[in-house]
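# Close look at the chain arrangement
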Amino acid sequence: MAGQKQTEKNMQPKAKLMLIDTNEAFGTQMQAACAAAGWELQIWSNGPNAVDAALQMQPAAIVLNVDLPFVSGYSVCNKIKKHPQLKKTPLVVISETAT
């Protein structure tokens with residue numbers, strides 16, 4: 001019986017998370033933490049491309065660094081929250097800027 005429950009548990013799809021960030025060290029840490037939790041993490045460093053990828057991926061949640069080069073992370077956030085297919089996706093906004 002315990003083996004059957006373990007098999008059923010292994011058959012559950014992994015939660016898909018998306019990280020939009022250019023910090024490779026943070027991405028590596030997030031990748032390790034997500035893998036340990038059994039989650040799938042996709043990392044994107046390009047904000048506009050990440051929005052398109054999120055539409056394809058339909059992640060369970062998105063972590064967005066607002067300090068992106070070339071495009072405002074706030075602009076990316078607005079695009080995600082205004083899109084009908086993504087507007088209910090939980091979005092965690094982070095920043096590397098110290099205050």
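Residues numbered from 1 in each chain as written. Predicted model: local features only at pLDDT ≥ 70, side-chain atom pairs only at ≥ 80, totals over all residues. Heavy atoms only, no water.

## Quick look at the sheet that holds strand E2 (residues 40-44)
Read from one edge to the other, the open sheet built from four strands follows the order E2-E1-E3-E4, with strand pairing classed as parallel. Because the sheet does not close on itself, it has two edges, and the strands there are E2 and strand E4 (91-94). Neighbour-to-neighbour, the strand axes of the sheet open up by a mean angle of 15°, direction not taken into account. Summarising the sheet, strand E1 (residues 16-20) and E2 pair through five bridges and their orientation is parallel. Bridge pairing links Ile20 to Trp44 in E2. Strand contacts of helix H2 (residues 24-37): E1, E2, strand E3 (61-65) and E4, with the helix running at about 165° to E2, the strand carrying the most contacts. Here helix H4 (residues 73-82) sits on the sheet in contact with E1, E3 and E4, set at roughly 160° to E3. (Pairing = 2+ DSSP bridges. Helix = DSSP H or I, 4+ residues; strand = E, 2+ residues; numbered from the N terminus. Axes fitted to C-alpha atoms, helices over the stretch in contact; angles between N-to-C directions. Contact = heavy atoms within 4.5 Å.)

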